[in-house]
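# Breakdown of the fold
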Amino acid sequence: MKTNPFGKQGWTPENIDNLERKTFLITGANAGTGFEAAKILLSKGAEVVMLNRNNSKSTKAISDLKEQIGAHAKVSFIKTDLASLSSVRQAAAEINKTIPRIDALLCNAAIAQVPKQTFTVDGFESQLGVNHYGHFLLCGLLYQKLKASHGRIVVVASEGYKMGIKTIQFDDINWDNNYHPNKVYSQSKLAQMMFAYELQDRLKGIDNPINIYVCHPGASATTLIKNSGSLRDRIIFGIMSKTPLVQSAEKGAYPEVMCATEAAEHLNQKGYYGPTGRMQWTGPVGACKLEPHAQDKAVMEKLWNLSEKETNFKWIY
Ligand SMILES: NC(=O)c1ccc[n+]([C@@H]2O[C@H](COP(=O)([O-])OP(=O)(O)OC[C@H]3O[C@@H](n4cnc5c(N)ncnc54)[C@H](OP(=O)(O)O)[C@@H]3O)[C@@H](O)[C@H]2O)c1
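Cut-offs and rules
Along every chain, residues carry numbers that run from 1 in the direction the sequence is written. In keeping with the predicted nature of the model, local features appear solely for residues at pLDDT of at least 70, side-chain atom pairs appear and are counted solely at 80 or more, and the whole-chain, interface and lining totals rest on all residues. Here the side-chain values reflect all heavy atoms present in the structure, with hydrogen atoms and water set aside. Each helix is a run of H or I in the DSSP string that is no shorter than four residues. Each strand is a run of E no shorter than two, and both are numbered from the N terminus. Buried means the residue's accessible area, taken with a 1.4 Å probe over protein chains only, is under 20% of the maximum for its type, while exposed means over 50%, and partly exposed covers the values in between. Working rule for contacts: check all heavy atoms of both residues, and any pair within 4.5 Å makes them a contact. For a helix, the expected span equals 1.5 Å multiplied by the number of residues minus one. A single heavy atom is enough: if one lies within 4 Å of a molecule or strand, its residue is considered near that molecule or strand. Polar contact is defined as a pair of N or O atoms within 3.5 Å, subject to the rule that within protein one atom must be able to donate a hydrogen and the other to accept it, and that residues adjacent in sequence are counted only when both atoms are side-chain atoms. Only the protein chains shown count as cover for residues, and all accessible areas are computed by the Shrake-Rupley method using a 1.4 Å probe. We call Asp, Glu, Lys and Arg charged. Ala, Val, Leu, Ile, Met, Phe, Trp, Tyr, Cys and Pro are nonpolar, and the rest, Gly among them, are polar. Residues belong to a common nonpolar core when they are buried Ala, Val, Leu, Ile, Met, Phe, Trp, Tyr or Cys residues joined through side-chain atoms within 4.5 Å. At least two DSSP bridges between two strands are needed for those strands to be called paired. Look down the strands so they point away from you; if the path from the first strand over the helix to the second goes clockwise, the crossover is right-handed.

## Overview of the overall build of the protein
The helix and strand tally for the protein stands at 9 helices and 10 strands. Dimensions of the protein, computed from C-alpha atoms along their principal axes, come out at roughly 50 × 45 × 45 Å. Residues counted as buried form 55% of the 317 residues belonging to the protein. Across the protein, every contact between residues at least 6 apart in sequence was considered, and the portion connecting residues at least 24 apart equals 76%.

Here it is as structure tokens:
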């Protein structure tokens with residue numbers, strides 16, 4: 001086994017120096033790993049803009065963060081519902097107008113294992129719509145600002161990409177005929193990873209391209225399954241969360257914070273970062289094993305073209 005370049009304990013926030021004058025945008029930062037990532041970044045002096053869908057949860061998160069970090073914490077919120085392309089467009093317009101620079105955009109928000117087929121405002125199956133299409137459009141609309149800032153995109157994926165059909169079901173992308181909560185979640189997280197790896201390819205040869213990294217939080221005790229999973233999944237994950245198989249939400253935030261802040265020469269864009277211990281669910285943060293189907297070029301290209309069509313947005317590099 002390769003040694004972890006960040007030491008036996010893996011990457012931890014102690015590797016971060018100082019983030020003053022840096023700005024990080026995090027989707028879904030009012031809870032779970034996104035909230036913990038915000039806390040770590042703020043504690044190092046960064047400015048954090050949370051891109052959340054819920055006003056009252058965001059107000060509460062800001063007040064909790066200021067209570068824990070101090071009143072000086074530079075944290076704000078722009079309403080962004082990834083289940084609505086028009087909300088994403090509105091949020092991106094506000095960001096482009098009011099936020100001078102973006103050092104990293106952390107695509108963290110997600111819904112998971114939604115028990116019955118449901119749809120976003122624009123008619124996409126909800127997990128693909130929120131997790132993939134919403135972020136695809138948001139990243140595209142913020143790309144020029146990211147580029148001007150020499151910024152990064154961090155995609156928070158999931159070990160779930162290894163489950164299900166391990167590809168994109170193009171002939172029935174909404175799973176009208178065979179809806180399955182977990183397989184559809186797996187497809188959506190694989191789609192997010194393919195977006196990242198395909199974007200890297202598309203930026204080859206561009207002057208000052210942005211960096212794009214893919215990570216996952218392992219198994220972390222957050223509100224993910226509680227919020228969108230079935231009763232059965234909630235009970236199972238609730239029990240598992242009390243065992244060493246599942247780590248804290250704070251530890252789950254380390255991979256995305258690492259990808260947002262660590263020196264580029266220490267990271268590999270074609271890599272995949274997360275906990276490296278048992279089953280890659282917990283343990284020291286470092287480079288994880290990546291299955292080749294995540295970089296299936298033909299599928300990546302087809303998904304990119306479909307995503308541009310479905311979101312009615314053409315990327316300009
Ligand atoms: N926890 C795990 O074990 C685990 C494992 C593998 C991967 N992940 C990944 O880790 C990331 C973070 O998840 P988490 O575990 O921290 O879950 P979480 O506690 O449920 O947090 C998810 C966040 O996403 C937000 N969100 C959901 N739908 C949204 C929408 N339509 N628009 C904007 N924001 C939306 C939620 O907002 P609300 O509070 O308003 O619902 C919440 O802030 C996700 O990408 C997930 O796929 C987690």
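## Regarding the side chain of Thr282
Looking at where Thr282 falls in the secondary structure, it is placed in the loop between strand S9 (273-275) and strand S10 (285-287). On the basis of relative accessible area, Thr282 is assigned to the buried category, the value being 14%. Not counting residues within four places of it along the chain, the set of residues in contact with Thr282 comprises Pro244, Leu245, Val246, Gln247, Pro275, Thr276 and Gly277.

## Notes on helix H9 (residues 297-311)
Between its first and last C-alpha, H9 extends 21 Å over 15 residues, near the 21 Å set by a 1.5 Å rise per residue. Turning to H9, its buried residues are Val299, Met300, Leu303, Trp304, Leu306, Ser307, Glu308 and Thr311. At the C-terminal side of H9, Asn312 shows a positive phi close to 55°.

## Some details on the site of the ligand
Not every one of the 31 residues close to the ligand is listed here, only the nearest: Arg53, Asn108, Tyr185, Thr222 and Thr223. Leu82 has a polar backbone atom sitting 2.9 Å from a nitrogen atom of the ligand. Residue Asn108 places a main-chain N or O atom 2.8 Å away from an oxygen atom belonging to the ligand. Computed on the free molecule, the ligand has an accessible area of 910 Å², of which 96% lies beneath the protein chains in the complex. Those elements that provide at least two residues to the shell around the ligand are helix H1 (32-43), helix H5 (181-202) and helix H6 (224-228). Its residues placed into classes, the shell around the ligand shows 14 nonpolar, 13 polar and 4 charged.

## What to know about the nonpolar core
Grouped together as the largest cluster of nonpolar side chains are 60 residues, with contacts concentrated most on Leu25, Leu105, Leu142, Ile153 and Trp315. Contributing elements (two or more residues each) for this core: strand S2 (47-52), helix H3 (85-98), strand S4 (104-107), helix H4 (126-148), strand S5 (152-156), H5, strand S6 (211-215) and H9. Sort the elements by how many residues they give to this core and H4 lands first, with 10 residues. Setting aside anything within four residues of it in sequence, one finds Leu105 in contact with Leu25, Leu51, Leu138, Cys139, Leu142, Leu146, Arg152, Ile153 and Val154. Within the second largest apolar cluster, 37 residues are counted, among which are Leu41, Ala46, Tyr213 and Cys215.

## Focus on the pairing of S6
Within S6, 4 of the 5 residues are buried, which leaves it mostly tucked inside the rest of the structure. Relative to S6, S5 is paired through 5 bridges, and the arrangement is parallel. Paired with Arg152 across the two strands is Asn211, which belongs to S6. After leaving S5, the chain enters H5 and then returns to the sheet as S6, a path that is right-handed.

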